[in-house]
Amino acid sequence: MALDRRRINGPEESFPPVFDSDALQWKLEDARKDRSPDDIRPIFLQPGLISQANGSAYIETAKTKIACAVYGPRQSKNTTYSEMGRLNVEVKFTPFSCVRRRAPMRDAEDRSIAVAIHQALVSSVRLELLPKSTIDIFVTIIESDGLDGCVASGSVAASTALADAGIELLGLVTSCAASVVGKKLWLDPTEEEARLSKGTLVLSCMPALKKITSVWQTGEMKVAEALGCMDACQEKCTEIHSVVAQALLESAKI
Amino acid sequence: MTSYVLPGQPIPLASQWPSASAGRRAYIASLVGIPQQEGPVLSISRVRPRPPAINSVVLGSVTRLSPLQATLSISVVDGVPLPAGEEFTGVIRIAGHRVKIGDSISLGDARSYFVTTARNDLGVVFAVSEAGKTMVPVSWQSMRCPETGRLEKRKCAKPE
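You'll find chain B entered in an unreviewed UniProt entry as Exosome complex component CSL4 C-terminal domain-containing protein, with Mycena alexandri given as the organism.

For chain A, the name recorded in an unreviewed UniProt entry is 3' exoribonuclease family, domain 1-domain-containing protein, with Mycena alexandri as its organism. Database annotation for chain A, UniProt heading Sequence similarities (unreviewed entry): "Belongs to the RNase PH family."

Looking now at the overall build of chain B. Secondary structure assignment for chain B yields 1 helix and 11 strands. In chain B, the order of α-helices and β-strands from amino to carboxyl end is α-β-β-β-β-β-β-β-β-β-β-β. Going through the 160 residues of chain B one by one, you find that 26% of them count as buried. Pairs at least 24 residues apart make up 36% of the contacts formed inside chain B by residues separated by at least 6 positions.

With that settled, consider the overall build of chain A. Of regular secondary structure, chain A possesses 4 helices and 9 strands. Mapped from its N terminus to its C terminus, chain A presents α and β elements in the order β-β-β-β-α-β-α-β-β-α-β-β-α. A compact globule built from 254 residues should have a C-alpha radius of gyration of about 18 Å, and chain A, at 19 Å, falls within 12% of that. Expressed along its principal axes, the backbone C-alpha trace of chain A runs to roughly 55 × 50 × 35 Å. Here chain A holds 254 residues, and the buried ones make up 46% of them.

With that out of the way, let us pick up the sheet that holds strand E3 (residues 64-75) of chain A. Residues and elements named next belong to chain A. Across the sheet, 5 strands lie side by side as E1-E2-E3-E5-E4; this open sheet has mixed pairing. In this open sheet, the two strands that pair with only one neighbour each are strand E1 (43-47) and strand E4 (86-93). The mean angle between the axes of side-by-side strands here comes to 15 degrees, regardless of whether they run parallel or antiparallel. Pairing of E4 with strand E5 (residues 133-143) involves 8 bridges; the strand directions are parallel. The residue of E5 that forms the bridge with Leu-87 is Ile-135. Packing of helix H1 (residues 108-122) onto the sheet brings it into contact with E4 and E5, and relative to E4 it is tilted by some 140 degrees.

This brings us to the interface of chain B and chain A. Residue-level contacts link 18 residues of chain B with 26 residues of chain A. Broken down by class, the residue content of the side of chain B that touches chain A amounts to 9 nonpolar, 4 polar and 5 charged.

Quick look at the pairing of strand E6 (residues 88-93) of chain B now. Residues and elements named next belong to chain B. The two faces of E6 differ: Phe-88, Gly-90 and Ile-92 on one face are buried, but Thr-89, Val-91 and Arg-93 on the other face are not. Both strand E4 (residues 69-77) and E6 contribute to a ladder of 6 bridges, which runs antiparallel. Counted as the bridge partner of Leu-72 is Gly-90 from E6. Note that E6 and strand E8 (residues 113-116) share 2 bridges and pair parallel. Within the sheet, the bridge partner assigned to Gly-90 lies in E8 and is Tyr-113.

When pLDDT is averaged along chain B, the result is 76; 79% of the residues meet or exceed 70. Here the prediction assigns the complex a pTM of 0.82, and the interface score ipTM is 0.74.

Time to look at the environment of Ser51(A). Residue and element names in this part refer to chain A. Its location among the elements puts Ser-51 in the loop between E1 and strand E2 (55-61). The exposure class assigned to Ser-51 is exposed, which follows from the 6 C-beta atoms found within 10 Å. Spatially, the C-alpha atoms of Ser-51 and Ala-69 are 9.4 Å apart, while their sequence positions differ by 18 residues.

This part is about the pairing of E3(A). Residues and elements named next belong to chain A. Where burial is concerned, most of E3 is hidden: 12 out of the 12 residues are buried. Between E2 and the antiparallel strand that follows it, E3, lie 2 residues; Ala-62 among them carries a positive phi value of about 50 degrees. In this sheet, E5 lies alongside E3 in antiparallel orientation, the contact comprising 9 bridges. Across the sheet, residue Cys-68 finds its bridge partner in E5, namely Val-139.

As a further point, take unusual backbone geometry. One non-glycine residue, Ala62(A), lies in the positive phi region at around 50 degrees. In this fold, Ala62(A) is placed in the loop between E2 and E3. For Ala62(A), a count of 17 C-beta atoms within 10 Å corresponds to the partly exposed category. Backbone geometry places Asp78(B), a non-glycine residue, at a positive phi of 50 degrees. Position of Asp78(B) relative to the elements: it lies in the loop between E4 and strand E5 (80-81).

The biggest cluster of nonpolar side chains holds 74 residues, and the ones touching the most others in it are Cys68(A), Ile117(A), Val139(A) and Cys176(A). The leading source of residues in this core is helix H2 (residues 147-164) of chain A, at 10 residues. Leaving out residues up to four positions away in the same chain, Val139(A) has contacts with Ile66(A), Cys68(A), Val89(A), Glu90(A), Val91(A), Ile117(A), Gly154(A), Ala157(A) and Ala158(A). Of all hydrophobic cores here, the second largest spans 10 residues; its members include Ala70(B), Ile74(B), Leu82(B) and Tyr113(B).

Right, let's talk about H2(A) for a bit. Residue and element names in this part refer to chain A. Compared with an ideal rise of 1.5 Å per residue, which puts 18 residues at 26 Å, H2 spans 25 Å between its outermost C-alpha atoms and is within 8% of the ideal. Along H2, 18 of the 18 residues are buried, which leaves the element largely enclosed by surrounding structure. Positive phi appears at Gly-166, one or two residues downstream of H2, with a value of about 75 degrees.

Basis of the calculations
Residues numbered from 1 in each chain as written. Chains lettered and ligands numbered in written order. Predicted model: local features only at pLDDT ≥ 70, side-chain atom pairs only at ≥ 80, totals over all residues. UniProt positions renumbered as here; feature names shortened; annotations may be inferred. Helix = DSSP H or I, 4+ residues; strand = E, 2+ residues; numbered from the N terminus. Buried ≥ 20, exposed ≤ 12 C-beta atoms within 10 Å, placed from the backbone. Contact = placed C-beta atoms within 7 Å. Rg over C-alpha atoms; globule rule 2.2 N^0.38 Å. Pairing = 2+ DSSP bridges. Axes fitted to C-alpha atoms, helices over the stretch in contact; angles between N-to-C directions. Nonpolar A, V, L, I, M, F, W, Y, C, P; charged D, E, K, R; others polar. pLDDT = per-residue confidence, 0-100. Core = buried A, V, L, I, M, F, W, Y, C linked by C-beta atoms within 7 Å. Expected span 1.5 Å × (residues − 1).

This is the structure:
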């Protein structure tokens, strides 16, 4: 790992204290810990939290906490002429976001999440109306509980922030993760559950238009399992859509 | 029609709206807001800043002058001020029209928007004389300095 000399560096390695606990000693046959397989964690969503941004949103699903800010549309710098606008997504982890401390530098993980969120959003934004402009989306992961959950919640937060910023959208994007654990299908896996699973899948869609914007699958999965995940996710996305709609309407009426 | 719509939601239309009766597909909202219907125009108003488009009326200040063109930093688009530090760059070329600061637009090249003052009511809103005082417009093409009384040539705007 490279050292950033402009910062006060902590100890090179740090370890979380280890407590005697009933740490996950799951067997594959065991039932899920505190919710049923097709339950998702409760969502708290608040648009317009960051006052200096054009639009923003904060999302919290149990231990996953993400703040998202949208700036722009602003004039593209140093780019060639383009009829279409550009969507720029940047993801940052706070140093204390994970179990192990993260160095305050961008790495491959940030970028792969950024690409996934970009992919989920890009077809919902009417970029053809914003020639020569850039929309900047900054996603700050304050606390992370599983990468798949971060991608899903990050996409929902970013789409809410875009709507809050008054940027023309074809529809609101919602997103849901699913994992295959043993032979069962668990929705919205936590980090522990994702580690236990064979494969995970994140599906993003626009429920209002019944259009899927992106499917992001990792690990190993049978075709039937993948299709089952997608169906289950799509159903949950419709539920998440009503949460997003309510949050946006409440903030619009103030 | 007083209810809010969300992006992706069909806009509820009054029955006298022409295409509502003609069995056309629905109009889908792309913004959060209250749709308003005024004659043939259906709109969701917003006061958020947006980039200039063709036929936008803009307000900006000249940042660089050369004999052939003036560069300006656009700070207001269609009456909506842009946030500080997010100004757009515009260029007024000498070809086709008279003198300085401009208020209207065409999509330009990669770096800037082409702006023109060719319409009658467009032109200079605010100018400073050689003596450093704010000048007062006296006709559509001249302004007077209140201190020295000298006339300077400017193509003046006529804001509403």
